[in-house]
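# Structure at a glance
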Amino acid sequence: MFVSEEADYENMGKIKQKNVKAEQSSSKFTKIAISIIVILLLCLLSYSLYIIINQLVFVTSSSYKETKLPFTKNEQENEDTDTQKSIPLTPKENGQSETDQSILPQDQDKQSSDQQNRQNNNIQEEKDLSNIDNGNQEDQTKNEKQQDQNEINNSEKPQVDQEKNNDSQIIENINGESKNDTNQEKKYQEDKAVDQTQNNNKSDKEVQNQQLLNINRKISIFKMLNNIRKQLFSSSSLLPKFNSFKEVHNLPYKKLSVVQMQELLNKTNAGDWKIQGDGQKIRKELKFNDFIQAFSFMNSVAIVAEDMCHHPDWFNVYNNVHINLNTHDVSGLSIRDVILAFAINEIQHQSKKPQGLNDVSYLNLQAILSKWNSL
């Protein structure tokens, strides 16, 4: 046990040493990389500063050259005179010896002033000559321009006159053609008006005849449609006849619209029933004197509904009875609902004084059937 623990400690120490060496090597590498990056950044900064300084020097030198404009003739002459003034004359150029200069300084000053005056006079004469030459040149250019303009005007005048004549001829031709066109249009319109009057007289009669024919056709079509509507939607044509309520189950039936249903209810004295749910059912609430009368009424209606095989959706609360009628086979209303609503109204009138809950002796089915067949 002790040997294994010592081996474990030795392994742990080796691992720690390796980790320390790895950390030292990684720290050295990171330091070297950081130093390289810093050196590169410094090189870039120095290079950018060098470029900026060169550009500034170039801009300043170019701006200085631009400010130095070339000299005119007069300025050059003045500059030459200044240089001549600044340069001292040698004894040979003055025509005097060194002894004379030393002996006669006043004469030397007079000679220099005379030379300056002569130079100034020469410069003024040259300026006057140059101004005279410039004036003569300007006059010559003006005269040449005037001559060129006169030649151009003389050459353009006949062309302009010819163009004006051509334009006037074209305008005259156009005016003549437009007059001819207007005359032709007037004649055409007059002929057209005559034809229209003749055609209108003929067409008026034809239009009247056609209008009469159309009116007669519309009247006949309206009468035909009215007869068809009466045959299809009249209440008398939809009321079947039967001898017992058991025959109602075998009668043909179809879904009725809201208009047809309301017409049949009014025809069968069942207008107090209310159509609900866009023609999906009819509803009525009945109130009796007491619970016995209400329950005996429901027993009587149950007999008729069982014979018809058409059962109501109903419930009662003491002396109140709530009834909903609809035909599930057509997902709406049919003639069966009309017959059962008529029978319920008749049973309500018959059940006035029942003697008990199951008393149905007052029920007279034949009277209800005969009244239905008489409608």
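Heads up: these notes are all about the structure in this document. (Residues numbered from 1 in each chain as written. Predicted model: local features only at pLDDT ≥ 70, side-chain atom pairs only at ≥ 80, totals over all residues. Heavy atoms only, no water.)

All right, on to the overall build of the protein chain then. Counting its secondary structure elements, the protein chain contains ten helices and four strands. Ordered by position from the N terminus, the helices and strands of the protein chain form the series α-α-α-α-α-α-α-β-β-α-β-β-α-α. Looking at the protein chain residue by residue over its 375 residues, the buried ones come to 19%. Of the contacts made within the protein chain by residues no fewer than 6 positions apart, 69% connect residues no fewer than 24 positions apart. (Helix = DSSP H or I, 4+ residues; strand = E, 2+ residues; numbered from the N terminus. Buried < 20%, exposed > 50% of the residue type's maximum accessible area, 1.4 Å probe, protein only. Contact = heavy atoms within 4.5 Å.)

Spatial ordering of the open sheet is given by 1-2-4-3, a layout of four strands whose pairing is antiparallel. Two strands lie at the open edges of the sheet, namely strand 1 (274-276) and strand 3 (313-317), each paired on one side alone. On average, each strand axis in the sheet is tilted by 20 degrees relative to the strand beside it, whichever way the strands run. Sheet analysis places strand 1 next to strand 2 (residues 281-287), joined by three bridges and oriented antiparallel. What sits directly across from Ile-275, in strand 2, is Ile-282. (Pairing = 2+ DSSP bridges. Axes fitted to C-alpha atoms, helices over the stretch in contact; angles between N-to-C directions.)

Let's shift gears to the packing of aromatic side chains. As enumerated under the stated definition, the model contains six aromatic pairs in all. Ring centres of Phe-242 and Phe-245 lie 6.1 Å apart, and the angle between their planes is 55 degrees; on these two criteria the pair is classed as tilted. Classification of Phe-242 as buried rests on a relative accessible area of 3%. Three or more aromatic residues joined by ring pairs make a cluster, and in this case those are Phe-242, Phe-245, Phe-342 and Trp-372. (Phe/Tyr/Trp six-rings, centres within 6.5 Å; stacked < 30°, edge-to-face > 60°.)

Turning our attention to the pairing of strand 2. The two faces of strand 2 differ: Ile-282, Lys-284 and Leu-286 on one face are buried, but Lys-281, Arg-283, Glu-285 and Lys-287 on the other face are not. Taking the residues between adjacent antiparallel strands as the criterion, strand 1 and strand 2 are bridged by four residues, where Gly-277 takes a positive phi near 65 degrees. With six bridges joining them, strand 2 and strand 4 (residues 320-325) adopt antiparallel strand pairing. Note that in strand 4 the partner of Leu-286 across the bridge is Val-321.

Our focus in this paragraph is the packing of helix 9 (residues 335-350) against helix 10 (residues 365-373). Between helix 9 and helix 10, the least distance of the axes is 10 Å, while the angle of their chain directions is 130 degrees. Between helix 9 and helix 10, the interaxial angle falls into the category oblique. The crossing of helix 9 and helix 10 is right-handed. Here Val-338, Ile-339, Phe-342, Ala-343, Glu-346, Ile-347 and Gln-350 of helix 9 lie close against helix 10, whose contacting residues are Ile-368, Lys-371 and Trp-372. In the contact of helix 9 with helix 10, the residues fall into seven nonpolar, one polar and two charged. (Parallel < 35°, antiparallel > 145°, perpendicular 65-115°, else oblique. Left-handed = near helix turned anticlockwise from the far one by under 90°. Nonpolar A, V, L, I, M, F, W, Y, C, P; charged D, E, K, R; others polar.)

A word on the nonpolar core. Counting residues in hydrophobic clusters, the biggest one holds 37 residues, and the most contacted among them are Phe-245, Trp-273, Phe-297 and Ile-344. Of all the secondary-structure elements, those providing two or more residues to this core are helix 7 (258-267), strand 2, helix 8 (291-308), strand 4, helix 9 and helix 10. Per-element tally for this core: the top contributor is helix 9, with nine residues. Filtering out sequence-adjacent residues up to four positions away, Trp-273 remains in contact with Leu-265, Ile-282, Arg-283, Lys-284, Ile-323, Leu-325, Ala-341, Ile-344 and Asn-345. (Core = buried A, V, L, I, M, F, W, Y, C linked by side-chain atoms within 4.5 Å.)

Attention now moves to the pattern of salt bridges. In this structure the tally under the stated criterion is three salt bridges. With its nearest N and O atoms 3.5 Å apart, the salt bridge here joins Glu-285 to Arg-283. Of the residues examined, Glu-285 reaches a relative accessible area of 52% and is grouped as exposed. Residues Lys-371 and Glu-346 are paired through a salt bridge, measuring 3.0 Å at the closest nitrogen-oxygen approach. Remark: Glu-346 occurs in helix 9 and Lys-371 occurs in helix 10; sequence separation between them is 25 residues. Among the residues examined, Glu-346 registers a relative accessible area of 13% and is labelled buried. (Salt bridge = Lys/Arg side-chain N within 4 Å of Asp/Glu carboxyl O.)

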